[in-house]
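Structural description and commentary
Spelled out from the first residue to the last, the chains are:
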Amino acid sequence: MSEESDSLRTSPSAASLSENELPPPSAPAGYVCSLTEDLVAKAREELQEKPEWRLRDVQALRDMVRKECPHLSTSLEDAFLLRFLRARKFDYDRALQLLINYHSCRRSWPEVFNDLRPSALKEVLASGFLTVLPHTDPRGCPVLCLRPDRWIPSNYPITENIRAVYLTLEKLIQSEETQVNGIVILADYKGVSLSKASHFGPFIAKKVIGILQDGFPIRIKAVHVVNEPRIFKGIFAIIKPFLKEKIANRFFLHGSDLNSLHTNLPRNILPREYGGTAGELDITAWNAVLLASEEDFVREFCQPAPPCDSILGQALPPEGLSSEAPCDDSMRAVKSQLYSCY
């Protein structure tokens, strides 16, 4: 048990608290849970999310932000903060660190995050570099399909592709189902040459992986790579040092063996290009979803930035902090009550 846990356990005021003495707050008008009963049960089992505690947990994180990060310019709405709690299994400290990292990433890479809106990425979207398949996998995960061969480097820099991926992730994570189920990535490396792969060097790789692992509230459940050329071994050698073991173990290389892919992603959700029965791969539907969200992205990413937040210097997660740290219910109750007293 950590020193923090010991101090809270032995404190007379903390020790006197019990779950029954901490009734959850009444629900504010702004948040209404959209999860089905099955997803509520899944969130309880996998994410340590308890519906009867949900809004109290959100309030605890909100209080932490106000007390520990008073200059952090961030939304404090229930639905927004819930994304970070779910991504870190309702561990307040880790959810707060993820929130800090999220804003730090946006500040530290202006060429990606400035003026981030769908209409500024029409060329990338029209190229077919990425799309989201119309059907989820059997676990309910949306499938983000990436096709690097559709990118022509002479047309625009690789950062435009990264902008399009981030834009898509921001749209996907608005769904509570996605927050609970996570996403799957299907990457088709057919036709990717050495010259094209060279654009994705260690600097870019480290930045992108840092965002996906520690700077964005999304759960990546699997990455399926198909049609990878021999050069992909070199690409993966660049990526792997930056991957946490848990994420590295979720990479599956199928080559041209579509039967291997189908053991993970069934044929009925895949387009014909990948041996599926769901028709031709269509990019227009997802592009329309993004373009219809233009005003939301303008409001979120295209406003003048406030002065640099002093708290962003704390953006790197502490050494050795496990992403699978258990969430102790009694500790959650104590922390929630303590932060409500600030």
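Okay, so let's go over this structure. Residue numbering note: each chain is counted from 1, following its sequence as written. Owing to the predicted nature of the model, reporting of local features is limited to residues with pLDDT of at least 70; listing and counting of side-chain atom pairs is limited to 80 or more, with chain, interface and lining totals taken over all residues. Processing note: side-chain calculations cover all non-hydrogen atoms of the structure and skip hydrogens and water entirely.

Pairing between side chains of opposite charge can happen when their charged atoms approach one another. Counted as salt bridges are all cases of a side-chain nitrogen of Lys or Arg within 4 Å of a carboxyl oxygen of Asp or Glu. This structure, assessed with the given rule, holds 15 salt bridges. Note that Glu-52 and Arg-44 form a salt bridge whose closest N and O atoms lie 3.3 Å from each other. Each residue is placed in one exposure class: buried if its accessible area under a 1.4 Å probe, protein chains only, is under 20% of its type's maximum, exposed if it is over 50%, and partly exposed if it falls in between. Under the relative-accessibility criterion, Arg-44 is labelled partly exposed at 36%. Salt-bridge contacts for Arg-117 lead to Glu-294; the nearest nitrogen and oxygen are separated by 3.7 Å. Residue Arg-117 is located in the loop between α7 (110-113) and α8 (122-127), and its partner Glu-294 is located in helix α17 (residues 294-301); the two are separated by 177 residues in the primary sequence. Residue classification places Arg-117 among the partly exposed residues on the basis of a relative accessible area of 23%. On the basis of relative accessible area, Glu-294 is assigned to the buried category, the value being 19%. Taken together, the shared-partner salt bridges in this structure form one network comprising Glu-49, Arg-54, Arg-86 and Glu-176. Each helix is a run of H or I in the DSSP string that is no shorter than four residues. Each strand is a run of E no shorter than two, and both are numbered from the N terminus.

Taken in spatial order, the 5 strands make up an open sheet running β1-β2-β3-β4-β5, and their pairing is mixed. Edge positions in the sheet fall to β1 (130-132) and β5 (251-255), since each of these pairs with one other strand and no more. Averaged over neighbouring strand pairs, the angle between their axes works out to 20° when direction is ignored. A strand pair is defined by DSSP finding two or more bridges across the two strands. With 4 bridges connecting them, strand β2 (residues 143-146) and strand β3 (residues 183-188) associate as parallel partners. Note on β3: the bridge partner recorded for Val-143 is Val-184. Geometry is summarised by axes, namely lines fitted to C-alpha atoms with helices restricted to the contacting stretch, and by angles between N-to-C directions that run from 0 to 180 degrees.

Where helix α9 (residues 158-172) meets helix α16 (residues 284-291), the axes come as close as 11 Å, and the angle between the chain directions of the two elements is 75°. Here α9 is positioned roughly perpendicular relative to α16, judged by the angle of their axes. Residues Leu-167, Thr-168, Lys-171 and Leu-172 of α9 form the contact with α16, whose own contacting residues are Trp-286, Val-289 and Leu-290. Gly is placed with the polar residues, together with every amino acid not listed as nonpolar (Ala, Val, Leu, Ile, Met, Phe, Trp, Tyr, Cys and Pro) or charged (Asp, Glu, Lys and Arg). Residues of the contact of α9 with α16, tallied by class, amount to 5 nonpolar, 1 polar and 1 charged. Should an angle fall under 35 degrees it is called roughly parallel, over 145 degrees roughly antiparallel, and 65 to 115 degrees roughly perpendicular, with every other angle called oblique. Contact definition: two residues touch when any of their heavy atoms are within 4.5 Å.

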